[in-house]
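Descriptive structure summary
Chain residues, written in single-letter form:
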Amino acid sequence: MSAPVFSPAARLRGLKPDWISDPKVWRTEVLAGLVVALALVPEAISFSIIAGVDPEIGLFAAFTMAVTISIVGGRRAMISAATGAVALVIAPLNREHGLGYLVAAVILAGVFQVVLGALGVAGLMRFVPRSVMTGFVNALAILIFMAQVPELTDVPWPVYPLVVAGLMLMVLFPRITRVVPAPLVSIVILTVVTVAAGIAVPTVGDKGELPHALPVPGLPDVPFTLDTLTTVAPYALAMALVGLMESLMTAKLVDDITDTHSDKTRESIGQGVANIVTGFFGGMGGCAMIGQTIINVKVSGARTRLSTFLAGSFLMVLCIVFGPVVSDIPMAALVAVMVMVSFATFDWHSVAPRTLRRMPAGEILVMVVTVAVVVATSNLAIGVVVGSVTAMVIFARRVAHLADVTSVTDPDGGQVVYSVTGELFFASSNDLVTRFDYAGDPDRVVIDLSATHIWDASSVAALDAIETKYAQRGKRVEIVGLNEHSTLMRERLGGTLAGYH
């Protein structure tokens, strides 16, 4: 049977993504991109203020990050832009040395991220436990809500009914139709109402002036010397690590929401490329934005790179072409959207009484620690690290008690056989040395390790110490039952770790 022959046009169609010819997907992606773009405006301005730069610096970063990552990123539909975590890291550098050094740090951070991505840093995500991920998501929801509190404090009273009206629209409108995203409908209606009725409430324009032209590429205004490199490198490395941590966690979250897999290595390298591009366009850098990603993926239903690309593109169009209209959007409308995002993000099942009754205490502790650290520091990356370390400590304590030793003495009293079960590593092997009767055992001792595994040098050192204690009393030890990996480790390290244990 001969192979089918495809025309060049058919081959070209086979290379196109499925959504190219699907009008329904196009509509979803376009409207999702528009909603995200509207939500990005006040966020980018707020993060610019945190970093101590002009609002257009944050808006330029949101534009270049989103457009670039839509092409080079490894997680479809994820939104990357200027973020609060990155702003907090680089704010001291801008305050002490100026914008030129900040931009240089963004470019260097991008280079670090490309290198770390190529070295496989994404593989570390395997060591983030589910309880940490749950705490991360819940802490994110809390932070999103807390970020809206200032917009509800010391404001004119009409803000409150507007926020309530926005929430009601987003709850009720999907029951009528899901063709148009409810957040977009809410923003449009509240804007029309406030402008038409002349209601004086805080607006997007009150946050800062929007840019009037596209960013222009250029080099950072710094001396290209070793002194400059040593100044910006620590900030760049911190930004790279924080950005990768948040981006990879967000990618994992989107994987779970969409039940799809993403290329974490490509995403790591893509984040670096996006920051390099952003730096050369004078932006403040950034990483994945979890709140806006939830709007895009969970609220609006976007699933492709098109929504991410359009979010960045629409952002500049809205600022440059429709700046006066965007400036009139009441902050109450965007607050309502983010409150709804906060509610949708929180994993309510994780705190249900039925779940808490069944969940091991250690898992609950890890989740609570992660949430507490994130909320206390306003830094998701620190919370994830502390939560993961807490989980590892709890795991180590748990498995340290799994190693057990039982002994059987021959009837004639000439030999004793010790059977060791469980895993031998630094925590469990510390107690192993104390489990033998060196003075009372007969002259021949057999230690059966067929039901255990040697994981590290501490365990080898413990076995050496046991042999030494018996030898000091003129007794011979035979260790049997080692598996292949354990045998190789003992042959390589045995007898070389005197004083190590």
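Before going into details, it helps to say that this report is about the structure given with it.

About the criteria used
- Residues numbered from 1 in each chain as written.
- Predicted model: local features only at pLDDT ≥ 70, side-chain atom pairs only at ≥ 80, totals over all residues.
- Heavy atoms only, no water.
- Helix = DSSP H or I, 4+ residues; strand = E, 2+ residues; numbered from the N terminus.
- Expected span 1.5 Å × (residues − 1).
- Core = buried A, V, L, I, M, F, W, Y, C linked by side-chain atoms within 4.5 Å.
- Buried < 20%, exposed > 50% of the residue type's maximum accessible area, 1.4 Å probe, protein only.
- Phe/Tyr/Trp six-rings, centres within 6.5 Å; stacked < 30°, edge-to-face > 60°.
- Lys NZ or Arg CZ within 6 Å of the ring centre and 35° of its normal.
- Pairing = 2+ DSSP bridges.
- Axes fitted to C-alpha atoms, helices over the stretch in contact; angles between N-to-C directions.
- Contact = heavy atoms within 4.5 Å.
- Parallel < 35°, antiparallel > 145°, perpendicular 65-115°, else oblique.
- Left-handed = near helix turned anticlockwise from the far one by under 90°.
- Nonpolar A, V, L, I, M, F, W, Y, C, P; charged D, E, K, R; others polar.

**Points about helix α5 (residues 99–118)**
An α-helix turns once per 3.6 residues; consequently, residues spaced three or four apart project the same way. Taking 1.5 Å per residue as the helical rise, α5 with its 20 residues ought to reach 28 Å, and the 29 Å between its terminal C-alpha atoms agrees with that figure. Directly beyond the C-terminal end of α5, a positive phi value near 90° is found at Gly120.

**Re the nonpolar core**
Counting 104 residues, the largest nonpolar core has Val41, Leu59, Phe136, Met284, Ile295 and Leu315 as its most contacted members. Top contributing element to this core by residue count: helix α2 (residues 23–51), with 12 residues. With 22 residues, the next largest nonpolar core counts Phe436, Val445, Ala462 and Val477 among its residues.

**Regarding the packing of aromatic side chains**
For any pair of aromatic rings, geometry is given as the distance between the ring centres together with the angle between the planes. Within the structure shown, the criterion is met by seven aromatic pairs. Pairing Phe343 with Trp348 gives two aromatic rings, centres 5.3 Å apart and planes at 45°, and the pair type is tilted. For Phe343, a relative accessible area of 52% translates into the label exposed. An aromatic cluster is built from Tyr418, Phe436, Tyr438 and Tyr470, whose rings are joined through pairwise contacts. When the ring centre of Tyr438 is taken as reference, the NZ or CZ atom of Lys469 above it lies at 5.9 Å.

**Focus: unusual backbone geometry**
One non-glycine residue, Asp154, lies in positive phi territory at about 55°. Residue position: Asp154 is located in the loop between α6 (130–148) and α7 (159–176).

**Examining the sheet that holds strand β3 (residues 404–409)**
The four strands lie next to each other as β3-β4-β5-β6, forming an open sheet whose pairing is mixed. Strand pairing shows two members of the sheet lacking a second neighbour, β3 and β6 (476–480), which therefore form its edges. Strand-to-strand twist of the sheet, defined as the mean angle between neighbouring strand axes without regard to direction, takes the value 20°. Sheet strands touched by helix α19 (residues 457–471): β4 (415–424), β5 (444–454) and β6. Its angle to β5, the strand with the most contacts, is close to 175°.

**A look at the packing of helix α3 (residues 55–72) against helix α12 (residues 305–320)**
Between α3 and α12, the shortest axis-to-axis distance is 8 Å and the interhelical angle comes to 155°. Relative to α12, the element α3 lies roughly antiparallel. The hand of the α3/α12 crossing is left-handed. Every residue of α12 that contacts α3 at Leu59, Phe60, Ala62, Phe63, Ala66, Val67, Ile69, Ser70 and Ile71 is listed here: Arg305, Thr308, Phe309, Gly312, Ser313, Leu315, Met316 and Cys319. Tallied by class, residues from the contact of α3 with α12 come to 12 nonpolar, four polar and one charged.

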